[in-house]
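So the chains spell out like this:
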Amino acid sequence: MSGIRVLLVDDHPVVRAGLRAMLADFPGVSVVAEASDGAAALVELRRLAALEEPVDLVLMDLQMGTGMDGVTATGKIKAGEGGTPPPPVLILTTYDTDADILAAVEAGASGYMLKDAPPEQILQAVSQAAAGQTALAPEVAARLMGRIRNPSPALSAREVQLLELLATGMGNRAIAKQLFISEATVKTHLVHIYSKLGVDNRTAAIAVATQQRIIRGR
């Protein structure tokens, strides 16, 4: 491995310092810039691109306080808002729910790792993602394979997204407005969600989805 230039994106300075120190131990890997949220990451990417010093990989957290989250930033990076060609994005987070994984993959992330992974696994993921390959933590890969192999109907990405909003306390009208769909469509999705989860109301749906790590607990 040689010359992997990394932009490190995390809202916690102590975490960034720890990650920077860990990455410094990896031959050929260098952290060339840091950002505390997605918006700052886009600024750094554009700055480095203007200097003709683009990064080879963005190591991105998911949740970053009140700043732009990792999924939104990943989508913007892959859309070219940080410069073209867009660098691969490797998610490094503590969350392993279906909602988080699916959102990151749909946004264009090249990989998804957990922060408690052994350093050698993170090194391998950094190398794979920078080379344009998919890099998934074993736990994440197992969850995705479980969705494929599970004989019961899996929730679609849209249904998981709707469940996430449901868990915040939103009603059907607010969810419809948020997702730019009709209330009738929301009700149809809810019928399908209830059927797939084996429940008959939203409270039970949220409880089961949280227990099964489809969405985060509130």
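Preceding block: the structure.
Described below are features of the structure shown in this document. Here the structure is a predicted model, which is why all the values come from computation and not from measurement.

In terms of regular secondary structure, the chain is built from 10 helices and six strands. Whereas a compact globule of 218 residues would reach a radius of gyration of roughly 17 Å, the chain reaches 19 Å, a difference of no more than 12%. Based on the C-alpha atoms only, the size of the chain along its principal axes is roughly 55 × 30 × 30 Å. Residue pairs at least 24 apart in sequence account for 62% of intrachain contacts in the chain once pairs closer than 6 positions are excluded. Total accessible area on the chain is roughly 10,600 Å²; 54% of this is exposed by carbon and sulfur atoms. Put simply, the chain has 20 plus and 23 minus side-chain charges, and the middle of one group is 7 Å from the middle of the other.

So, about the packing of helix α3 (residues 70-78) against helix α4 (residues 98-107). Between α3 and α4, whose axes approach to 8 Å, the crossing angle comes to 15°. Comparing their axes, α4 and α3 come out roughly parallel. Considering only the axes of α3 and α4, their crossing is right-handed. Contacts between α3 and α4 pair V71, T74, G75 and K78 from the former with A103, A104 and A107 from the latter.

All right, on to helix α8 (residues 172-179) then. Considered for burial, the residues of α8 that qualify are N172, I175, A176 and L179. Mapping the buried residues of α8 onto a view down its axis gives an arc of 100°, with all of them on the same face. Exposed side of α8, more than 90 degrees from the buried face: R173 and K177 are the residues found there. Against α7 (157-167), α9 (183-197) and α10 (202-211) lie the buried residues of α8. Immediately downstream of α8, the backbone of F180 shows phi near 60°, a positive value.

The rules behind each value
- Residues numbered from 1 in each chain as written.
- Predicted model: local features only at pLDDT ≥ 70, side-chain atom pairs only at ≥ 80, totals over all residues.
- Heavy atoms only, no water.
- Helix = DSSP H or I, 4+ residues; strand = E, 2+ residues; numbered from the N terminus.
- Rg over C-alpha atoms; globule rule 2.2 N^0.38 Å.
- Contact = heavy atoms within 4.5 Å.
- Areas by Shrake-Rupley, 256 points an atom, 1.4 Å probe, with all protein chains shown as cover.
- Lys, Arg positive; Asp, Glu negative; His and termini not counted.
- Charge placed at Lys NZ, Arg CZ, Asp CG, Glu CD.
- Axes fitted to C-alpha atoms, helices over the stretch in contact; angles between N-to-C directions.
- Parallel < 35°, antiparallel > 145°, perpendicular 65-115°, else oblique.
- Left-handed = near helix turned anticlockwise from the far one by under 90°.
- Buried < 20%, exposed > 50% of the residue type's maximum accessible area, 1.4 Å probe, protein only.
- Arc of directions from axis to C-beta.

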